[in-house]
Amino acid sequence: MNVANPMYLVAIAWLYVTLMMALAEATNPHGTILGAVFTLLLYGIGPLALVMYLMGTPMRRKARQAKESTQKDDTATATVTGPEGAPPG
């Protein structure tokens, strides 16, 4: 994961906002702790997890393709050189 990705800053800011919403819900005279928990889960953690998963799809695809390419290159090299690096034949 790239730490310098600005998307993480947005994620942290969104969690901060939803945490403050939950805190306001919990400390309001007509609010409840249960309402604060649901606010945090349904406005913060749930949507954020979905967005981060969807935004990470291209990175996971590139990583999978790179791994498959490396495995294909290793298989081709092993076929050309034969077992234990000896030439075939």
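Just so you know, these numbers come straight off a predicted model, no measurement behind them.

Trainee: I keep staring at the side chain of threonine 18 and nothing clicks. Help me out?
Mentor: Within the secondary structure layout, threonine 18 lies in helix H1 (residues 6–27). On the accessibility criterion, threonine 18 (0% relative accessible area) is buried. Among the polar contacts made by the side chain of threonine 18, one reaches the main-chain carbonyl oxygen of leucine 15 at a distance of 3.0 Å. Setting aside residues no more than four positions away along its own chain, threonine 18 makes contact with Leu40, Tyr43 and Gly44.

Trainee: Help me understand helix H2 (residues 33–55), please; the structure alone is not making it clear to me.
Mentor: Spanning 23 residues, H2 covers 32 Å between terminal C-alpha atoms, matching the ideal 33 Å at 1.5 Å per step. At leucine 41, H2 shows its strongest bend, of approximately 35 degrees. Buried within H2 we find Gly35, Ala36, Thr39, Gly44 and Leu48. Packing partners of the buried residues in H2 comprise H1.

Trainee: Explanation requested: the environment of leucine 19 in the structure shown.
Mentor: Locating leucine 19 in the fold gives a position in helix H1. For the pair leucine 19 and leucine 40, spaced 21 residues apart in the sequence, the C-alpha separation amounts to 6.2 Å.

Trainee: Hey, could you run me through a nonpolar patch on the surface in this one?
Mentor: Side chains of Trp14, Tyr16, Val17, Leu19, Met20, Met21, Leu23 and Tyr43 sit close together on the surface and give an oily, nonpolar patch of about 770 Å² of accessible area. Broken down by element, the nonpolar patch gets its largest block of residues, seven residues, from H1. Looking at where methionine 20 falls in the secondary structure, it is placed in helix H1. When its relative accessible area of 34% is taken as the criterion, methionine 20 is described as partly exposed.

Trainee: Mind showing me how you'd approach the environment of valine 17 here?
Mentor: Checked against the element boundaries, valine 17 lands in helix H1. On the basis of relative accessibility, which here comes to 38%, the residue valine 17 falls in the partly exposed class. Taking the C-alpha atoms as reference, valine 17 lies 9.5 Å from leucine 40; in sequence the two are 23 residues apart.

Rules behind the numbers
Residues numbered from 1 in each chain as written. Predicted model: local features only at pLDDT ≥ 70, side-chain atom pairs only at ≥ 80, totals over all residues. Heavy atoms only, no water. Helix = DSSP H or I, 4+ residues; strand = E, 2+ residues; numbered from the N terminus. Buried < 20%, exposed > 50% of the residue type's maximum accessible area, 1.4 Å probe, protein only. Polar contact = N/O pair within 3.5 Å; in protein donor to acceptor, adjacent residues only side chain to side chain. Contact = heavy atoms within 4.5 Å. Expected span 1.5 Å × (residues − 1). Bend = angle between axes of the 7 residues up to and from the residue. Patch = residues over 30% accessible without salt bridge, like charges linked within 9 Å, V, L, I, M, F, W, Y side chains within 5 Å. Areas by Shrake-Rupley, 256 points an atom, 1.4 Å probe, with all protein chains shown as cover. Salt bridge = Lys/Arg side-chain N within 4 Å of Asp/Glu carboxyl O.

Read these as geometric descriptors, not functional statements.
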